[in-house]
Amino acid sequence: MNYIELSKEISYALRHAPWEYELEINEEGWVQVEQLLDALHKDEKWKKISEKDLITMIEKSEKKRHQILNGKIKAYYGHSIPIRIVKEEKMPPEVLYHGTARKFTNSIREKGLLPQSRQYVHLSQDIETAYRVGIRHDMRPCILKIDAIQAWKDDIKFYYGNEKVWLANEIPSKYIVEISC
Ligand code: HQG
């Protein structure tokens, strides 16, 4: 079983295209596991997939991307679908990080961090996580340091993704206190 490929397909379905799989997704991003399995079974490749495989996929993943609870599955973050996924508002840690490409930094300095094609800006709990996010865009990524607690005190809302990932609607540039490339 190729769990990485399975995880990518499930992320695609839950974050970006539930309608392609005829999934009913609720406002927190939950989908019935049975519905997802039925959709996957239509593909020869995933014909034998069971809920147990989904659980193994989650256990084996190097990142916490999906959760299964009470017969439902959701993606913790990353959504781009038009229906707004409601996330839990939470006080952020003092500092958060964001890894990005060198070519984006001028625009980010000017406009702040914007969600672009996703519903939320994605922030990282630590520098190492931010580096891994950034390297997807640039082999020598830039790490932005965000004064999250000041932003929060100024009424910018933060939402919990998982223990490494925080979300925000946007981060105005005045809270980006350091950019190291
Ligand atoms: C950039 C993956 C120009 C932003 C990751 C980023 C993460 C701007 C890119 C999660 C900008 C969007 C999300 C502005 C932001 N001007 N560029 N004003 N504001 N940007 O992929 O945060 O492995 O949509 O810096 O690890 O890179 O899939 O977001 O470079 O956790 O589970 O616009 O997805 O998780 O890129 O990644 P993305 P992201 P998975």
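To be clear, the structure that these remarks concern was listed above.
Cut-offs applied
- Throughout, a residue's number is its position along its own chain's written sequence, starting from 1.
- Where totals are concerned, whole chains, interfaces and linings use all residues; where local detail is concerned, this predicted model gives features only for residues with pLDDT of at least 70, and gives and counts side-chain atom pairs only at 80 or more.
- Side-chain numbers here rest on the full set of heavy atoms in the structure, without hydrogens or water.
- For helices, the fitted line uses only the C-alpha atoms of the stretch in contact; every axis is such a line through C-alpha atoms, and the angle between N-to-C directions lies from 0 to 180 degrees.
- Every helix listed is a DSSP run of H or I at least four residues long, and every strand listed is a run of E at least two residues long, numbered separately from the N terminus.
- Any angle that falls under 35 degrees is termed roughly parallel, while one over 145 is termed roughly antiparallel, one within 65 to 115 roughly perpendicular, and all others oblique.
- Note on contacts: a residue pair is in contact if any heavy atoms of the two residues lie within 4.5 Å.
- The nonpolar class holds Ala, Val, Leu, Ile, Met, Phe, Trp, Tyr, Cys and Pro. Asp, Glu, Lys and Arg form the charged class, and all remaining residues, Gly among them, are polar.
- Disulfide assignment relies on a single distance test, namely cysteine sulfur atoms paired within 2.5 Å.
- Any residue under 20% of the maximum accessible area for its type is buried, any over 50% is exposed, and the rest in between are partly exposed; the area is computed with a 1.4 Å probe on protein chains only.

## Looking at the packing of helix H1 (residues 3-16) against helix H3 (residues 51-60)
Item 1. Relative orientation of the contacting elements H1 and H3 amounts to 100 degrees, with a least axis distance of 10 Å. Classified by the interaxial angle, the pair formed by H1 and H3 is roughly perpendicular. Where H1 abuts H3, its residues Tyr3, Leu6, Ser7 and Ile10 lie against Asp53, Leu54, Thr56, Met57 and Lys60.
Item 2. Per-class residue counts for the contact of H1 with H3 are 5 nonpolar, 2 polar and 2 charged.

## Some thoughts on the state of the cysteines
Item 1. This model, assessed by the stated rule, comprises 1 disulfide.
Item 2. Two residues share a disulfide in this structure: Cys142 and Cys181, whose sulfurs sit 2.0 Å from each other. Because the sign of the S-S torsion sets the handedness, a value of about 110 degrees for the bond joining Cys142 and Cys181 places this disulfide among the right-handed ones. Of the two residues, Cys142 sits in strand S6 (residues 142-146) while Cys181 sits in the segment after strand S9 (176-180), which places them 39 residues apart along the sequence.
Item 3. Cys181 gets classed as exposed once you look at its relative accessible area, which sits at 61%.

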